[in-house]
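Here is what each chain is made of, one letter per residue.
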Amino acid sequence: MHVGLHDSDKTGFPNLALMKIAAWHKAQGDIVEWWTPMFPFDRVYSSKVFTFTPECAYLPPDTIKGGTGYGIYGELPEEIDAMEPDYSIYPECDHAIGFLTRGCIRRCPWCIVPKKEGTIRPYRTWQQVQRPDSRDIVFMDNNVLACTHGIEQMRSMVGQNVRIDFNQGLDARLITPEVAGLLARLKWIRFIRMSCDTDAMLEIVRRAIGYLTDSGVKPYRVFVYLLVKDIESAERRAIALRNMGAEVFAQPYRNFEHSMEPTAEMKALARWVNHKAIFKRVCTFAEYDAHKRTGGNR
Ligand code: SF4
């Protein structure tokens, strides 16, 4: 069988589902290639993570589609999910990716995870996710600290030759002095990430950064995702986090269910925060706006 794979989002970040599908089909003796409309394929799979990625009009009508971007929240069939990802389809990817846990204990109204994955549960060990040819593992867990299995896995990585990242962020509400001590003993690829999505989270994130600092982690090693929905709140949080010495990354709110685009103001605020040279130099969003309107001559 000739199998075609289509990664709609083309973010450069490897798509775990497609890597597992590739591995499963290759194990059946099938030929697996990236899909192109130029050639016929016996079966085509298309994955789309983001709702804002446009749909490809040329995909065959019987394409097997999956992913939040298509509004499809189902999981891979068990036998495919059990496969080791075929990293060869993303040759530029030099690290392992995967999950220790699935799901989340919370129900944040803007988030698709509770609907898609349900409540928290153990999923894999870090040894099952690790690649033999790399010491780096990027975990995509949604709330690893909320699961005893997740904490145990983190403990068992202390002192091992692995560098890790939890790219969806850790839940700052669950960072106690003891957890901060554990995080400080792990090797991180670059950042310890968390989120600060509401005003109420600001003091919680400040407390978590304090615990981490007490355990020896420098604040600039903390990366904070900042949801941009209410402009004044987002600006307040961005400036406070900047003053704490954390690395801030703003994400304008998108309504996944209704495919609603962020407003121009949300996008402008995110540009201000994410333009590191400007964010560190220009004090407020209003000053950035004025700076932009005068062509940066003020
Ligand atoms: S804690 Fe994170 S993953 Fe869980 S529901 Fe809230 S935003 Fe989603």
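Residues numbered from 1 in each chain as written. Predicted model: local features only at pLDDT ≥ 70, side-chain atom pairs only at ≥ 80, totals over all residues.

Student: Explain helix α1 (residues 16–27) to me, using residue names and the numbers behind them.
Tutor: Residues three or four positions apart in an α-helix share a direction because the helix packs 3.6 residues into each turn. In this model, α1 (twelve residues) spans 17 Å end to end at C-alpha, consistent with the 16 Å of a helix rising 1.5 Å per residue. Among the residues of α1, Leu-18, Met-19, Lys-20, Ile-21, Ala-22, Trp-24 and His-25 are the ones counted as buried. Turning to α1, the residues buried within the fold contact β1 (2–7), β2 (31–34), β3 (43–47) and α2 (78–81). A positive backbone phi angle near 90° is found at Gly-29, which sits one or two residues after α1. (Helix = DSSP H or I, 4+ residues; strand = E, 2+ residues; numbered from the N terminus. Expected span 1.5 Å × (residues − 1). Buried ≥ 20, exposed ≤ 12 C-beta atoms within 10 Å, placed from the backbone. Contact = placed C-beta atoms within 7 Å.)

Student: How would you summarise the sheet that holds β2 if you had to cite specific residues and measurements?
Tutor: What the four strands build is an open sheet, ordered β2-β1-β3-β4; its pairing is parallel. This sheet does not close on itself; its edge strands, each paired only once, are β2 and β4 (64–66). When the angles between neighbouring strand axes are averaged without regard to direction, this sheet yields 20°. Note that β1 and β3 share five bridges and pair parallel. Within the sheet, the bridge partner assigned to Gly-4 lies in β3 and is Val-44. Across the face of the sheet, α1 comes into contact with β1, β2, β3 and β4 while running at roughly 175° to β1. (Pairing = 2+ DSSP bridges. Axes fitted to C-alpha atoms, helices over the stretch in contact; angles between N-to-C directions.)

Student: Run through the nonpolar core, naming residues and quoting values.
Tutor: In this structure, Val-224, Leu-226, Ala-250 and Leu-269 are the most contacted members of the largest nonpolar core, which totals 49 residues. What Leu-269 contacts, discounting residues up to four positions off in sequence, is Val-228, Ile-231, Ala-234, Glu-235, Ala-250 and Phe-285. In this structure, Met-19, Trp-24, Phe-41 and Tyr-87 belong to the second largest nonpolar core, which totals 13 residues. (Core = buried A, V, L, I, M, F, W, Y, C linked by C-beta atoms within 7 Å.)

Student: Kindly report on the packing of helix α7 (residues 199–214) against helix α8 (residues 231–244), identifying the contributing residues and their values.
Tutor: Where α7 meets α8, the axes come as close as 10 Å, and the angle between the chain directions of the two elements is 10°. The pairing of α7 with α8 is recorded here as roughly parallel in orientation. Facing α7, whose interface residues are Asp-199, Leu-202, Arg-206 and Ile-209, α8 presents Ser-233, Arg-236, Arg-237, Ala-240 and Met-244. (Parallel < 35°, antiparallel > 145°, perpendicular 65-115°, else oblique.)

Student: Just give me the short version of the pairing of β3, but keep the residues and values in it.
Tutor: Of the strand pairs in this sheet, β3 and β4 are connected by three bridges, and their pairing is parallel. Opposite Tyr-45, over in β4, you have Ile-64 as the bridge partner.

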